[in-house]
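# Structural description and commentary
So you can see what is in the structure, the chains are spelled out below.
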Amino acid sequence: MRDLPLPLALTARLLPVAVIAAGGWALSSGPFAASPAGESSAQESEAKPASPSESAPATSAATKTFTKAPSPCGGVSTKTVKSLVPGAKTAGKEIASTDESVRRTCSWNALKGYDYRWLDVSYEIHETDEKAENAYKERISEKSGGGAVPGVGDEAYSVVNLTTEDKQQTREGIVYARVSNALVVITYNGSDFESKKAPSTDEINKGAIKAVKEAAAVLEDSP
């Protein structure tokens, strides 16, 4: 196989995954509005003295369903890795994290022939469901063009974008899923260096959604 110069955007993808991780992810969007909190009548409050349970600080809201992130390299099956990233080492490469209880990410990437694929699976643990929900809304509000993914966690969202640099196309799909106080983030992209074309939107979107379903199930089954 002849050597082909990689465009700048994809050359960055082939650098050590620790460098790639520092770049962060592009985010999707969707209009969401916070639900207003209900208010009780002042007269009712005065007429009814607070019971011990009412006056005690609420602790249930702060209960963490997930206290630590599972191993991200076990977030998707070997079969899925082989399907989505042909030629990649199925064990994956976990990216170093300053606090593995809060965030863990695993990456797979490979160039097979002229076809290039990259997959990231990331788990993020937040202190409460509310903080995870706020983080989820903030992420998806930054870009438009995506849509809801039904049947994954409490809520999920996917978006696919096409970029072109030096006449080389790259198509990338990102899926965010919230499961209680945790976020699952999938990044999946690909290019063809011979045709200069990118995989179809359908291929990338379906691949990312397949990965997020598996990763969310692993999270839900984790201790």
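Computed from a predicted structure; not experimentally measured. (Residues numbered from 1 in each chain as written. Predicted model: local features only at pLDDT ≥ 70, side-chain atom pairs only at ≥ 80, totals over all residues. Heavy atoms only, no water.)

### A closer look at the overall build of the protein chain
Within the protein chain, the regular secondary structure consists of seven helices and seven strands. Secondary structure of the protein chain in N-to-C order comes out as α-α-α-α-α-β-β-β-α-β-β-β-β-α. Buried positions account for 42% of the 223 residues belonging to the protein chain. Considering only contacts in the protein chain between residues 6 or more positions apart, those separated by 24 or more positions represent 64%. Taken as a whole, the protein chain presents about 12,300 Å² of accessible surface, with 52% of it coming from carbon and sulfur. (Helix = DSSP H or I, 4+ residues; strand = E, 2+ residues; numbered from the N terminus. Buried < 20%, exposed > 50% of the residue type's maximum accessible area, 1.4 Å probe, protein only. Contact = heavy atoms within 4.5 Å. Areas by Shrake-Rupley, 256 points an atom, 1.4 Å probe, with all protein chains shown as cover.)

### Quick word on the state of the cysteines
All chains considered together, the criterion is met by one disulfide. Between Cys 73 and Cys 106 runs a disulfide, and the two sulfur atoms are separated by 2.0 Å. Of note, the bridge from Cys 73 to Cys 106 carries an S-S torsion of about 95 degrees and is right-handed in sense. Highlighted residues: Cys 73 in the loop between helix 4 (52-55) and helix 5 (78-84) and Cys 106 in strand 2 (residues 103-112), separated in sequence by 33 residues. For the pair formed by Cys 73 and Cys 106, the shared burial category is buried. (Disulfide = S-S within 2.5 Å.)

### Examining the sheet that holds strand 6 (residues 168-179)
Ordered in space as 1-2-3-7-6-5-4, the seven strands form an open sheet in which the pairing is antiparallel. Each having just a single partner strand, strand 1 (93-95) and strand 4 (147-148) make up the two edges of the open sheet. Pairing of strand 4 with strand 5 (residues 155-165), which is carried by two bridges, proceeds in the antiparallel orientation. In the sheet register, Gly 147 faces strand 5, and the bridge partner there is Ser 158. Along the sheet, helix 6 (residues 129-140) contacts strand 3 (115-125), strand 5, strand 6 and strand 7 (182-192); its crossing angle with strand 6, the most-contacted strand, is approximately 155 degrees. (Pairing = 2+ DSSP bridges. Axes fitted to C-alpha atoms, helices over the stretch in contact; angles between N-to-C directions.)

### Section: the environment of Val 149
Position of Val 149 among the secondary structure elements: in the loop between strand 4 and strand 5. Judged by its relative accessible area of 8%, Val 149 is buried. For the pair Val 149 and Val 175, spaced 26 residues apart in the sequence, the C-alpha separation amounts to 8.5 Å. Other than its neighbours up to four places away in sequence, Val 149 contacts Ala 156, Tyr 157, Ser 158, Val 175 and Ile 209.

### Here we look at the nonpolar core
Counting residues in each nonpolar core, the largest one holds 34 residues, and the members touching the most others are Trp 108, Leu 119, Val 184 and Ile 186. Looking at this core, the elements that each hand over two or more residues are helix 5, strand 2, strand 3, strand 5, strand 6, strand 7 and helix 7 (201-221). Ranked by residue count, the leading element in this core is helix 7, at eight residues. Apart from residues lying up to four places away in sequence, Val 184 is in contact with Ser 122, Tyr 123, Val 175, Tyr 176, Ala 177, Val 212, Ala 215, Ala 216 and Leu 219. Within the second largest apolar cluster, nine residues are counted, among which are Tyr 136, Ile 140, Val 159 and Val 185. (Core = buried A, V, L, I, M, F, W, Y, C linked by side-chain atoms within 4.5 Å.)

### Here we look at helix 7
Taking 1.5 Å per residue, 21 residues should reach 30 Å; helix 7 reaches 30 Å between its end C-alpha atoms and fits that length. Every buried residue belonging to helix 7 is among Ile 204, Gly 207, Ala 208, Ile 209, Ala 211, Val 212, Ala 215, Ala 216 and Leu 219, and all of these are buried. Residues of helix 7 that are buried in the fold lie against helix 5, strand 3, strand 5, strand 6 and strand 7. (Expected span 1.5 Å × (residues − 1).)

### Comments concerning the pattern of salt bridges
Across all of its chains, the model carries ten salt bridges by this definition. Taking the shortest distance from any N to any O, the salt bridge between Arg 139 and Glu 124 comes out at 2.7 Å. Of the two residues, Arg 139 is situated in helix 6 and Glu 124 in strand 3; the sequence distance between them amounts to 15 residues. Owing to a relative accessible area of 16%, Arg 139 belongs among the buried residues under this scheme. Between Lys 137 and Glu 133 there is a salt bridge whose closest N-O contact spans 3.4 Å. Remark: Glu 133 and Lys 137 occur in helix 6; sequence separation between them is four residues, near one turn of the helix. Each member of the salt-bridge network shares a partner with another, and the members are Arg 103, Glu 124 and Arg 139. (Salt bridge = Lys/Arg side-chain N within 4 Å of Asp/Glu carboxyl O.)

Interpretation note: all reported values are geometric properties and have no functional meaning in isolation.
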